[in-house]
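Below are the chains, spelled out letter by letter.
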Amino acid sequence: QVHLVESGGGSVQPGGSLRLSCAASGTIFTVYQMGWYRQAPGKQRELVALIEKPGSTNYADSAKGRFTISRVNANNTIYLQMNNLKPEDTAVYYCNADVRSKPGQRPTDFWGRGTQVIVSS
């Protein structure tokens, strides 16, 4: 089994910053793509940012220029630095990872339980 644990959420005023962390642990052979998604009340879960094992990244338009995703492969950990936060960034942020648990097994998608981000004055 693989567990993803997010941390770093909280409440912040518009224009503020937060840094989210997500650590993968458990039966891990290789972690491939990792990413952040978010879900606001009454809305569908949406992509925020992705990062591949070699380090290439992909961002939602809403995140470009404000958010930065990074990764430490040795620790199976990713981060999301969020700057210039806006009220519309308010959501539960979920970590996702594509993990091969054992050699020869197909990679499996895992999700964290989420961390709440509230942007409000």
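Residues numbered from 1 in each chain as written. Predicted model: local features only at pLDDT ≥ 70, side-chain atom pairs only at ≥ 80, totals over all residues. Heavy atoms only, no water.

## Things to note about the side chain of S101
- Along the polypeptide, S101 turns up in the loop between β9 (91–100) and β10 (108–111).
- From its side chain, S101 meets the backbone oxygen of T27 in a polar contact 3.1 Å long. (Helix = DSSP H or I, 4+ residues; strand = E, 2+ residues; numbered from the N terminus. Polar contact = N/O pair within 3.5 Å; in protein donor to acceptor, adjacent residues only side chain to side chain.)

## Thoughts on the state of the cysteines
- For the structure on display, the rule yields 1 disulfide.
- Each disulfide pairs two cysteine sulfurs, and for C22 the partner residue is C95, the sulfurs being separated by 2.0 Å. Where C22 bonds to C95 through sulfur, the torsion about that S-S bond is close to -80°, and the disulfide is left-handed. Of this pair, C22 sits in strand β3 (residues 18–26) while C95 is found in strand β9, placing the two residues 73 residues apart along the sequence.
- Residue C22 is classed as buried on the basis of its relative accessible area, which comes to 0%.
- Given the relative accessible area of 0%, C95 is considered buried. (Disulfide = S-S within 2.5 Å. Buried < 20%, exposed > 50% of the residue type's maximum accessible area, 1.4 Å probe, protein only.)

## Some thoughts on the packing of aromatic side chains
- Counted by the stated rule, this structure contains 1 aromatic pair.
- A cation over a ring is seen here: R19 above Y79, with NZ or CZ 4.1 Å from the ring centre.
- Over the face of the ring belonging to W111 we find R45, whose NZ or CZ atom lies 4.6 Å from the ring centre. (Phe/Tyr/Trp six-rings, centres within 6.5 Å; stacked < 30°, edge-to-face > 60°. Lys NZ or Arg CZ within 6 Å of the ring centre and 35° of its normal.)

## Things to note about the pattern of salt bridges
- Inspection of every chain in the model, using the stated rule, returns 4 salt bridges.
- With its nearest N and O atoms 2.7 Å apart, the salt bridge here joins E46 to R38.
- Here R38 falls in the buried class, since its relative accessible area comes to 6%.
- Residue K64 is joined to D61 by a salt bridge in which the shortest nitrogen-to-oxygen separation is 3.1 Å.
- Bridged by salt links that share partners, the residues R38, E46, R66 and D89 form one connected network. (Salt bridge = Lys/Arg side-chain N within 4 Å of Asp/Glu carboxyl O.)

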